[in-house]
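Descriptive analysis of the structure
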Amino acid sequence: MHMNAKLMTALMALTLSACGGGGGSSSGESASSVTSTTQSSSSSVASSESTEFNEIMGLYDTSSGTDKNYYYIDSSGKLTAYNYLGDGADAGDNCYRVAVEGDVNADITGSSLNAESSGDYSINIGGNTVTLEMTGDEITRIKAGGISAGGSMSLTLGGVSFRLTPDRATDLTIDDITSMICQ
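These lines cover the structure that appears in this document, whether it is placed above or below. (Residues numbered from 1 in each chain as written. Predicted model: local features only at pLDDT ≥ 70, side-chain atom pairs only at ≥ 80, totals over all residues. Heavy atoms only, no water.)

All right, on to the state of the cysteines then. Inspection of the entire model under this criterion finds one disulfide. Each disulfide pairs two cysteine sulfurs, and for Cys95 the partner residue is Cys182, the sulfurs being separated by 1.9 Å. What sets the handedness of the Cys95 and Cys182 disulfide is the S-S torsion sign, and at about 95 degrees it is right-handed. In this pair, Cys95 is assigned in the loop between strand E3 (79-84) and strand E4 (96-98) and Cys182 in the segment after helix H3 (174-179), connecting sequence segments 87 residues apart. (Disulfide = S-S within 2.5 Å. Helix = DSSP H or I, 4+ residues; strand = E, 2+ residues; numbered from the N terminus.)

Here you go:
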């Protein structure tokens, strides 16, 4: 991208020179305006794209028995829980809804993770810190309320119930879920 901007500027300068340029300062200003606009655009795109949550971002499967539930961590660290209504537990329509009161993880929908300097992530649930310990891009341990688990954890802390898991969904994607949101 940076090389393309330089090439574009060089070509514009050659084109302006070949045309005679006549007004001197106005042609120089045009070329520098294009250059600074191109550089500004590149800078704003780079600064708006954060990689802070790339390792943990994704869809996680918190299903239990016939009750199909998932949570998604987006690129900004925000959690959204989904409940599949067409499963044996809900016996509803063939669609997903964002978790509502009574659904798994309804209380943590809209919460955001904090990136820790250790490479782990934490979330405040009911006034308590829950830590998701990472090895590379995998959650290896979940710690909360003095409990540490190497697998899924279901707890109620400060009146907030949650079920977290290190298990990424393998049977569907977030696009599958969002394309089947209940109407």
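So much for the structure itself; the text now carries on.
Here we come to the side chain of Asn105. Residue placement: Asn105 occurs in the loop between E4 and strand E5 (114-115). Residue Asn105 is classed as buried on the basis of its relative accessible area of 2%. Setting aside chain neighbours within four positions, we find Asn105 in contact with Thr62, Tyr71, Ala81, Ala99, Ser161, Phe162 and Arg163. (Buried < 20%, exposed > 50% of the residue type's maximum accessible area, 1.4 Å probe, protein only. Contact = heavy atoms within 4.5 Å.)

On their own, these measurements won't tell you what the molecule is for.
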